[in-house]
Amino acid sequence: MSAFVPTGRVPEQIPARAGIGLRFPHHQAVIANRPRVAWFEVHSENYLGGGAPLRDLETIRRDYLLSLHGIGLSLGSVDGLDAVHLERVAALAARIEPGLVSEHLTWSVSDGDYLGDLLPLPLTEEALDVVCDNVDRFQEALRRRILVENPSSYLRYRHSTIAESEFLLAVVRRTGCGILCDISNIFVSAANHGWAARAYLDALRQAEVMEFHLAGHSVRPLSDGAALRIDDHGSPVDPAVWALFGEAVERFGARPTLIEWDSNIPPLETLIAEADRASAVLQQPQTIMADADVA
Amino acid sequence: MPTLREVQRAVARGIFSADGDEALAHIAEDAIAAAERFAIHRNNAAVTLIEALRLVYPVVDKVVGGEFFEGAARAFIARHPPRTACLNDYGAEFAGFLATFPPAAALAYLPDVARLEWAVHGSLNAPDDAALEPAGLAMLSESARGRVRFVPHPAVRLLTVRCPADAIWRAVRDGDDAALAAIALNVAPISLLVERRREGIAMRRLTPGEAHVTALLFSGAALSDVASQHDGATLVSLIAEHLAYGRFAGFTNASSE
């Protein structure tokens, strides 16, 4: 039986400090040692069953504020949201009372098949209508504002007609959702498509950025000497991404900021050190910006 | 301009099959070929789904080795793409698939090991429903007790295997090669009860009689019907054991059927 006692009906606000993406290997250390971390974010899909994962999360929730980050709702699916999946996420949110709930500006389900990756959308008026309908439905089901994250992308569609930042702003305008600004994704996508990362940040100034994400990425060499940057969350944050983060904090102010690390997961101490660094930038963004040049 | 549905169907086909041409036709090309760009997503998807299966089937993975597992997983994913984004629920058909996967034909015990792992996985991730308190039964009259139909606890699984999958599971988990080598594969079918206890997963072999009674009880047969088919003393002690380990979540005893 659950011993979780809700602390209040209004979701508590996650502070404008750095938190850590919590994955299974660190559950027990967090429960046993209660490390000094401002907040944790978890992938909603990891807790939609029951048993030990959910029990751990409820234990952790007694000591920490949590953010629920979805990776499987598929806001960009032309088929609409999976009603069962949506219901399970809503039930989890009701149980955990997260400070923030977020999803991606991507799709991963087609005709009921889950593709196992966050795929980019054709940036068209049709796709914009689909995303807005799905975000509306998500927000209605949870009775709260959600955040939508800009994706890391490796490809563009021939028939796209809208710039990604404009597309995201249109979703915000039409649905009232907030933006989860993933700094690493902006950096990776800008490099992969020849965009200007700063211009993307400037465009987002018209809307409310409510959270930042930071993660490590890798560089995959291709056959002809070119390369793609891969957002694999498997290493420390790149110096150029730290610098871009400093610029983002200058533009948008301090916001809850997450360190994400999903492959080759390091010891908790390494994640805490990365979070401490992010917290320092949130307080003094200028210090980091001189460190590296940003396109 | 292609519709969003056309694009998503083409991309989905390209992710799960070797034929991505239809998807590539929609992807812009520059200094980097569309195929190289699309390959990033194909690879991400494959890694995610293969690793999800590896988490559910760690013993099968160890038995066959990482490379063989990856090949089997790729073939499985192409035939049974996930129907849910909750990957904890993905892979139910893997045991059945392995039974028909030609490269695994020599490993007759493998599908049973996979079935056992699916049961273990299901038990570990089942909801924490409260166990039925025996006191609730004690208050019933004898006739009311006969009408009792138990509801099994969601973390309990009952399965029959044709090889000692439990012994293989334990030996592989513990890395005990000597124990693994000593397992005789040709045995009579074994009924296993898998459950979640405080200290972890527990497995108990049931005699054919115990397995029959337990299957009846778990399927919601009325207690009087089960009693008419089985020896009373065995039934009482088995129910006492099931209650002691919290294998029932509740019961119904409607007076008319």
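Residues numbered from 1 in each chain as written. Chains lettered and ligands numbered in written order. Predicted model: local features only at pLDDT ≥ 70, side-chain atom pairs only at ≥ 80, totals over all residues.

**Q** So what's going on with the overall build of chain B? Which residues, and what values?
**A** The helix and strand tally for chain B stands at 14 helices and five strands. Taking 2.2 N^0.38 as the reference for a compact globule, 257 residues should give roughly 18 Å; the C-alpha atoms of chain B span a radius of gyration of 24 Å, well beyond that estimate. The C-alpha extent of chain B, read off along each of the three principal axes, is 80 × 50 × 30 Å. Burial statistics for chain B: of 257 residues in total, 35% are counted as buried. Contacts in chain B between residues far apart in sequence, at least 24 positions, make up 67% of those at least 6 positions apart. (Helix = DSSP H or I, 4+ residues; strand = E, 2+ residues; numbered from the N terminus. Rg over C-alpha atoms; globule rule 2.2 N^0.38 Å. Buried ≥ 20, exposed ≤ 12 C-beta atoms within 10 Å, placed from the backbone. Contact = placed C-beta atoms within 7 Å.)

**Q** Can you lay out the interface of chain B and chain A for me, pointing to particular residues and giving the numbers?
**A** Each partner contributes to the interface: chain B provides 40 residues, whereas chain A provides 39 residues. Among the elements of the structure, α1 (4-16) and α3 (34-56) of chain B are those that each provide at least two residues to the side of chain B that touches chain A. Counting residues per element, the side of chain B that touches chain A draws most heavily on α3(B), at ten residues.

**Q** Can you tell me about the pairing of strand β8 (residues 178-182) of chain A, naming the residues and giving the values?
**A** All names here are of chain A. In terms of burial, β8 is a largely internal element, five of the five residues being buried. Along β8, one buried face is formed by Gly178, Leu180 and Asp182 and the opposite face, lined by Ile179 and Cys181, is buried too. Crossover strand β7 (residues 147-149) to β8 through helix α5 (residues 164-175) is right-handed. Summarising the sheet, β8 and strand β9 (residues 209-215) pair through four bridges and their orientation is parallel. From the neighbouring strand, Asp182 faces β9, where its bridge partner is His213. (Right-handed = clockwise from strand over helix to strand, strands pointing away. Pairing = 2+ DSSP bridges.)

**Q** Could you give me a rundown of the domain arrangement of chain B, with the residues and numbers involved?
**A** Residues and elements named next belong to chain B. The assigned domain composition of chain B is domain 1 (1-106) and domain 2 (108-257). A straight line from the C-alpha centre of domain 1 to that of domain 2 covers 35 Å. Opposite the 14 residues of domain 1 that make contact, domain 2 presents twelve residues. Elements with a minimum of two residues in the side of domain 1 that touches domain 2: α4 (58-64) and α6 (94-100). For the side of domain 1 that touches domain 2, the residue count by class is eleven nonpolar, two polar and one charged. (Domains from an automatic or database assignment. Nonpolar A, V, L, I, M, F, W, Y, C, P; charged D, E, K, R; others polar.)

**Q** Describe helix α14 (residues 232-244) of chain B, naming the residues involved and giving the relevant values.
**A** Between its first and last C-alpha, α14(B) extends 18 Å over 13 residues, near the 18 Å set by a 1.5 Å rise per residue. The positive-phi residue at the C-terminal boundary of α14(B) is Gly246(B), with phi of around 70°. (Expected span 1.5 Å × (residues − 1).)

**Q** Run through the nonpolar core, naming residues and quoting values.
**A** Counting residues in hydrophobic clusters, the biggest one holds 139 residues, and the most contacted among them are Val148(A), Ile179(A), Ile183(A), Leu214(A), Phe245(A) and Val113(B). Split by domain, the residues of this core number at least three in each of domain 1 (1-106) and domain 2 (108-257) of chain B. When neighbours within four sequence positions are excluded, Phe245(A) is seen to be in contact with Ile183(A), Phe212(A), Leu214(A), Val281(A) and Ile288(A). Core analysis: the next-biggest nonpolar cluster, separate from the first, contains eight residues, Leu132(B), Leu217(B), Leu223(B) and Val226(B) among them. (Core = buried A, V, L, I, M, F, W, Y, C linked by C-beta atoms within 7 Å.)

**Q** Help me get a handle on the packing of α5(A) against helix α7 (residues 197-204) of chain A, residues and values and all.
**A** Residues and elements named next belong to chain A. Direction vectors running N to C along α5 and α7 enclose 15°, while the axes themselves pass 9 Å from each other. The pairing of α5 with α7 is recorded here as roughly parallel in orientation. For the element pair α5 and α7, the recorded crossing hand is right-handed. Here α5 contributes Ser165, Glu166 and Leu169 to the contact with α7, which in turn contributes Tyr200, Ala203 and Leu204. Taken together, the residues of the contact of α5 with α7 break down into four nonpolar, one polar and one charged. (Axes fitted to C-alpha atoms, helices over the stretch in contact; angles between N-to-C directions. Parallel < 35°, antiparallel > 145°, perpendicular 65-115°, else oblique. Left-handed = near helix turned anticlockwise from the far one by under 90°.)

**Q** Describe in detail the sheet that holds strand β3 (residues 66-69) of chain A, supporting the description with residues and values.
**A** Residue and element names in this part refer to chain A. Here we have eight strands rolled up into a closed barrel, ordered β1-β2-β3-β4-β7-β8-β9-β12, and parallel in their pairing. This sheet shows a mean twist of 30° between the axes of neighbouring strands, independent of strand direction. Here β7 runs beside β8; their pairing, made up of three bridges, is parallel. Across the sheet, residue Val148 finds its bridge partner in β8, namely Ile179.

**Q** Describe unusual backbone geometry, listing the residues and the values that go with them.
**A** Residues and elements named next belong to chain A. The phi dihedral of Ser74 falls on the positive side, at around 60°, and the residue is not glycine. The topology assignment puts Ser74 in the loop between β3 and α3 (83-96). Look at Arg143: it is not a glycine, yet its phi comes out positive at around 50°. Classification of Arg143 as exposed rests on a count of 9 C-beta atoms within 10 Å.

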